[in-house]
Structures are given as structure tokens and as C-alpha cells.
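So you can see what is in the structure, the chains are spelled out below.
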Amino acid sequence: MSSHPSTTEEIKTVGDLPVEKIDKTDYRIYAAISYFVILIVIGLPLWWKTTEVYRVPLPYTRIAALNESDFVLVTNVTIASLDIDRGKQLASDLDNFFKTSKLFKVHFVVTQVQKQILASAQSIQALELSSVSRRQAGDILLLEVPGLPRFTPSQVLVGRRRIVYFATDTSSVKLTEVLQQWLFQEETLQRMISSMVSPTKSELDLAGRRRMPTASAYDVMVTIVNPDPEKVQLNWDLQEAIENFLSPFLRNLAPLADYNVKSQWLYFVPLQVQPKLVPEQPGIRKHFALSEELLPHIITPLEKKLASHVSQNPCLNFVVYVPPCSESPLYIYRQEGVILRGGVNAFLSPRWGGIIIHNPPQDICDNTTVVEPKPVEADWSKIMGTFLAQLRLLVGVPELDDIPRVSMLPLAASGMRQWELDSLYRVRIMEQLTSAMLTLQSLSQLLGEISNIVIDDEVGDSIQEAVSAVERGIELLHQGNLLAAFEASKQAFLSAEAAFTDPSLLALLYFPDDQKYAVYIPLFLPVMIPVLMSLKNIYLWAASKVRHKGKEKVD
């Protein structure tokens, strides 16, 4: 009987687990580890870095420190007197008055004026042209003139340049009034700063509400409106009038900003309001009355016809309206029912411009032998004189309150006094520095609260330039360098505005974090849950490996 050898299949084991099962488990764990490394260790940091918002570091500390900065306008005032002791006494009294000033720090210097200088001058105008009147921008000379009553009944006479003439018996109180109210205009500056910091106080700053906003360039638009050219003929040389009257005045303002003068003619453009007919009365001829409360209704429709929006620069509009004879003479009436006096038939709109009504001569209208269109000549001295007065108010030259026994040297219609220009410098410096500081603080708060706004290199450079320019402007004010401080304040204002209005700041402004998570969570969560759950299996597998190695060492 033959026997067959039995075959037994030999199974390899490691511990209690078969080798095949062990290999499959390892492969599964290795796959989980690779997913974890790719998604968590590599993918998550890579995603975070590639979706990171680029933000240039900003000088938050320096911006916050601007709140502690004090605006101090350092000014040098020279007192030239025949008696050096009297000059020192005036300087001491004036210094005591200005110690309470919040904006000005005045340095008084006393000198003794030479008698021959005063004796050689035949008039105040001669002193104006002499070397004694040459002063740096912002500085003032108080010159004692013993014979001042020969030239003027006033006790104090303010010149066209940076010089104030005063009689020997002038008190320090009177000189303080002149410096504070006319030359320095401290109250105007304080009201302007308060209205900018606290907009609820803007009603107190009447000059600021009327003054044009700060800009590097302005357009000046002169418009002649002829509502009925079939009845009125205007052969006016507008270009020559602009060159003779407006251009010389604007050249004085050239250091402050660029002024581009433009002109236009409008035809068949009525007032869009109905003036009231005032019948003839004893002592009053028949005329038409335009109530002051209707004036805003004139500007709104008229502005649609003006080409004042073809440029990004703020525009100052000056309009001459010539009514036909059938609607003239046309006069503006105050709300009290009183006609405007002083020969000025015009009105001013704050931060916009002015309108003057130029009535045709009555003898031309009444003359039936003159056929239509009736020719009307322009009284340019009256028209441009009114526009210049309105322009002075719009650019920031305030109306000054009268001071008893104080007067000013008469000024040419198209001129500007040097100390008035210094006042404009101070107004613009304080306005531009304050505006730049407020803009930087708002921008700092905005960028600090919203972390996903992009801050590119251009915006960062603009902010850095604005902060440096504000700091430099404040330092130059402390040094008394008015012109350099103005240039620094202008740079600060332009840089701050450029940073605040940069389009890149709005790229992610309306994409907050909650919306970002709402987009990415549905994408990543289904993938990440199995990977995170596999961490438990990886941990158990690693622990079993450690225990197995420990048993082998024991065996």
C-alpha cells in the first residue's frame, strides 16, 4: 500500500498578523501620511501664502504722534523807533499781549530808525519803495513816523508791503489790534481749524464756508450771458479785459496755485425766474426787482449751461448777465425789500463764484431811433472791479473789521498787499496740514480695522511722503520759514489725498473674512475631514510599531 506525502501550505506570520495584511495596512497608513503632508504640511501654508494680502508696513506710530503736534506760527516783528527806550517798552508790552496766543509765537526786535531816512521821504509812498520795507515773507516792520499826521488823519497806517506806520503817540493796545485782527488774523485761523476737526462747528467759520477748497490748480471761467441777441448787441473785447484786470491779480496768487482763465459766451439763456415789475412811483422809475431769495434758483439752471465741468480742477465762475431793454433795469433786492446800494448789482455764491447784472443804459433803451439789436457798451472797470472783490473773498482774503483811527494805503484794483498774501499762506498752510493729518488718521484707522485691504508700494510711499511732509511743515513753521512751510504742507496734502483716493484700496474692501471663509470652507472641508480623521489611525499604527519593536528587544 503506497502512501502519498501530504503538502502543507506554509503561511508567514509576524506576531499574530499575516505579512500580507501587514503590508496592506502599512500602505494605507503611508498613503494617509502622504495626503496629510501634501494637504496640511505643504498645501495649507502654500495656500495661505499665495492668498495673503500684500500690505506695506505703515508708520502707524508716527501718524498717531501727529495728534500731539502743535501748530506754532513763528513770526518776527521789528519795531523801528526814534527812541530806543520807547521801542523796548512797546516790544515788552506787545510781547505780554502775544504770550496768550495759541497759534503765534512772535519774536520782537527793536532797532533805532535813522532820522535821515524819514526826513528824505516826502511821502508814505516813498517809504514804501525804500529799502526799509523789504521783509521776508511773514515778517512785519512797525515803523514809527513822527510826522504821520501830515500824511493821514489815522494814527496807524498799514502799507501795501509788510510794514505798519504808526504815530509817536500810538499805544501798544492799538498796535496789538492791528497785528491780531488785520495782519495775523488769528481768530480766522482758529475757527478754520476747529471747523475742520469738528465739522459741527463749520457754521462758525463763515470765511471758510465761502473760501474755495484747497487744490493745486483752479479754473476761472468768465461768462457773458446775452439772453436775447436779437435785441441786445454786445461787441465786447473780453480777452483784453481779462488781461488788464484779472491776469495781474492772478499773477500775485501764482505761488499759491495755478489759475487757468477761460471765457465763453452764452446766448438765449434766460434767468429761469420771473422778476417782479415795480411800477413807477414818485422818485422811483419803473424797474424790475429780483428778490435775494430767488438767487439760488438762478445758479442751478445756469450751471448746466456753463462749461465749468470740463476739467477736474475746482472752477470759479464769474457771470455777466445783460438783460434786454424789455426787462431792464433789473435790480437785486434784499430780503427786507431794500434795493442793493453802493452801485453794485451783483451777488456772491460761496465756493462757486459771482453774478453781476449789467443793465443797458436807459437812454439807449428809451431812444426809439436806435434800432434793435441795441448796442450796449461794457463798463469794464465796474464789472471787473466787482469780480475782483468777489475773487478776493473766494480765494480767502477776508473782509476786515474797521479799527478806529487805523487805515490802509489805497491799493490798485488788480493788486494785492504783501501781508494779505502772507495771510493766505498761513490759511493754506494750516488748512493743508490739518487736512493731511485728518486724512492720514482716517486712513490709519481704516487700514488697521480692515486687514484685507491691499496696501501696495505706491500707497505706502504716498503715506510715508505725507507723514514726512507734515512733520517737515510743522518744523519749518517753528523756524518761521513761511514759504518752505507752504511747499511742505502742499506736498503733505497732495500725498495724503493721493493715498486716500488710490483705487487699489477698494479692491478687497467689500470682501470681508466671513465671505472668504464661506467660499473656501465648502471647497476644503470635504477633503480635509478624511485626512484629519486618518490621524487617529496613523497614531494607532505608529503606537503599534513602537510596541512591536519593544517586544522584539525583550525577546
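Residues numbered from 1 in each chain as written. Predicted model: local features only at pLDDT ≥ 70, side-chain atom pairs only at ≥ 80, totals over all residues. Heavy atoms only, no water.

### Quick word on the UniProt feature "transmembrane region" (unreviewed entry) in the chain
And step 1. UniProt records the feature "transmembrane region" (unreviewed entry) for residues 29–48 and 517–542 in the present numbering.
And step 2. Across residues 29–48, helical content stands at 100% and strand content at 0%; the span's end C-alpha atoms are separated by 27 Å.
And step 3. Note that residues 517–542 is 100% helix and 0% strand, and that its end C-alpha atoms are spaced 34 Å apart. (UniProt positions renumbered as here; feature names shortened; annotations may be inferred. Helix = DSSP H or I, 4+ residues; strand = E, 2+ residues; numbered from the N terminus.)

### Looking at the state of the cysteines
And step 1. Scanning the model with the defined rule gives one disulfide in all.
And step 2. Shown here is the disulfide that connects Cys325 with Cys365, its sulfur atoms set 2.2 Å apart. Because the torsion about its S-S bond is -75 degrees, the bridge between Cys325 and Cys365 counts as left-handed. Note that Cys325 is positioned in the loop between β13 (315–321) and β14 (330–333) and Cys365 in helix α11 (residues 362–366), a separation of 40 residues in sequence.
And step 3. Residue classification places Cys325 among the partly exposed residues on the basis of a relative accessible area of 22%. (Disulfide = S-S within 2.5 Å. Buried < 20%, exposed > 50% of the residue type's maximum accessible area, 1.4 Å probe, protein only.)

### Some details on the side chain of Ser444
And step 1. Here Ser444 lies in helix α13 (residues 418–449).
And step 2. When its relative accessible area of 16% is taken as the criterion, Ser444 is described as buried.
And step 3. When sequence neighbours within four positions are dropped, the list of residues in contact with Ser444 reads Tyr60 and Ile63. (Contact = heavy atoms within 4.5 Å.)

### Things to note about the pairing of strand β8 (residues 217–226)
And step 1. Here β8 lies mainly inside the structure; ten of its ten residues are buried.
And step 2. Residues Ala217, Asp219, Met221, Thr223 and Val225 point to one face of β8 and Tyr218, Val220, Val222, Ile224 and Asn226 to the other, with burial holding for every one of them.
And step 3. Both β8 and strand β10 (residues 258–267) contribute to a ladder of ten bridges, which runs parallel. Residue Val225 lies in a different strand from β10, and its bridge partner there is Leu266.
And step 4. When β8 meets β13, the two strands line up parallel, connected through seven bridges. Paired with Val222 across the strands is Phe318, a residue of β13. (Pairing = 2+ DSSP bridges.)

### Concerning the nonpolar core
And step 1. Counting 101 residues, the largest nonpolar core has Leu142, Leu183 and Ile463 as the members making the most contacts within it.
And step 2. With residues up to four places along the chain from it excluded, the contact list for Leu183 reads Ile140, Val158, Val164, Val178, Trp419, Ser423 and Arg426.
And step 3. If you look at the next biggest cluster of nonpolar residues, it comprises 20 residues, including Leu266, Leu271, Val273 and Ile299. (Core = buried A, V, L, I, M, F, W, Y, C linked by side-chain atoms within 4.5 Å.)

### Here we look at unusual backbone geometry
And step 1. Geometrically, the link from Ser328 to Pro329 is a cis peptide bond, its omega value of 0 degrees lying close to zero.
And step 2. Position of Pro329 among the secondary structure elements: in the loop between β13 and β14.
And step 3. The residue after Glu372, namely Pro373, is reached through a cis peptide bond having omega 0 degrees.
And step 4. Here Pro373 shows up in the loop between α11 and β17 (374–375).
And step 5. Non-glycine residue Gln185 carries a positive phi angle of around 55 degrees.
And step 6. Position of Gln185 relative to the elements: it lies in the loop between α6 (172–184) and α7 (186–197).
And step 7. Positioned with a positive phi, Gln272 is a non-glycine residue whose angle comes to about 70 degrees.
And step 8. Of note, Gln272 is situated in the loop between β10 and β11 (276–278).

### Remarks on the pattern of salt bridges
And step 1. In total, this model carries eleven salt bridges according to the counting rule given.
And step 2. Linking Asp422 and Arg162 is a salt bridge whose minimum nitrogen-to-oxygen distance equals 2.6 Å. Placement of the pair is Asp422 in helix α13 and Arg162 in the loop between β6 (156–158) and β7 (163–166), with a sequence separation of 260 residues. Of the two residues, Asp422 and Arg162, neither departs from the other in class, the shared state being buried. (Salt bridge = Lys/Arg side-chain N within 4 Å of Asp/Glu carboxyl O.)

### Overview of the pairing of strand β3 (residues 73–81)
And step 1. Extensive coverage of β3 is indicated by the burial of eight of its nine residues.
And step 2. In this structure, β3 lies alongside strand β4 (residues 104–112), joined through nine bridges in parallel fashion. Counted as the bridge partner of Ile79 is Val110 from β4.
And step 3. One ladder, built from four bridges, connects β3 with strand β5 (residues 140–144); its direction is parallel. By the bridge assignment, Ile79 is partnered in β5 with Leu142.

### Some details on a negative patch on the surface
And step 1. The grouping of Asp457, Glu458, Asp461 and Glu465 at the surface amounts to a negative patch.
And step 2. Inspection of the secondary structure puts Glu458 in helix α14 (residues 457–479). (Patch = residues over 30% accessible without salt bridge, like charges linked within 9 Å, V, L, I, M, F, W, Y side chains within 5 Å. Areas by Shrake-Rupley, 256 points an atom, 1.4 Å probe, with all protein chains shown as cover. Lys, Arg positive; Asp, Glu negative; His and termini not counted. Charge placed at Lys NZ, Arg CZ, Asp CG, Glu CD.)

### What to know about the sheet that holds β4
And step 1. Taken in spatial order, the six strands of this open sheet run β4-β3-β5-β7-β6-β18, and their pairing is mixed. Each edge of the open sheet carries a strand with a single partner, namely β4 and β18 (406–408). Recorded for the sheet is a direction-independent mean angle of 20 degrees between the axes of neighbouring strands.
And step 2. Relative to β7, β5 runs parallel, the two being bridged by four bridges. In the strand pairing of β7, Glu144 is matched with Phe166. (Axes fitted to C-alpha atoms, helices over the stretch in contact; angles between N-to-C directions.)

### A word on the packing of helix α3 (residues 84–98) against α6
How two helices sit against one another is set out by the angle between their axes and by the gap between those axes.
And step 1. Contact geometry for α3 and α6: axes closest at 10 Å, N-to-C directions at 50 degrees. By the angle between their directions, the pair α3 and α6 is classed as oblique. Crossing angle aside, the handedness with which α3 passes α6 is right-handed. For the pair α3 and α6, the contacting residues are Leu90, Asp93, Leu94, Phe97 and Phe98 in the first and Ser172, Val173, Leu175, Thr176, Leu179, Gln180 and Phe184 in the second.
And step 2. In terms of residue class, the contact of α3 with α6 is built from eight nonpolar, three polar and one charged. (Parallel < 35°, antiparallel > 145°, perpendicular 65-115°, else oblique. Left-handed = near helix turned anticlockwise from the far one by under 90°. Nonpolar A, V, L, I, M, F, W, Y, C, P; charged D, E, K, R; others polar.)

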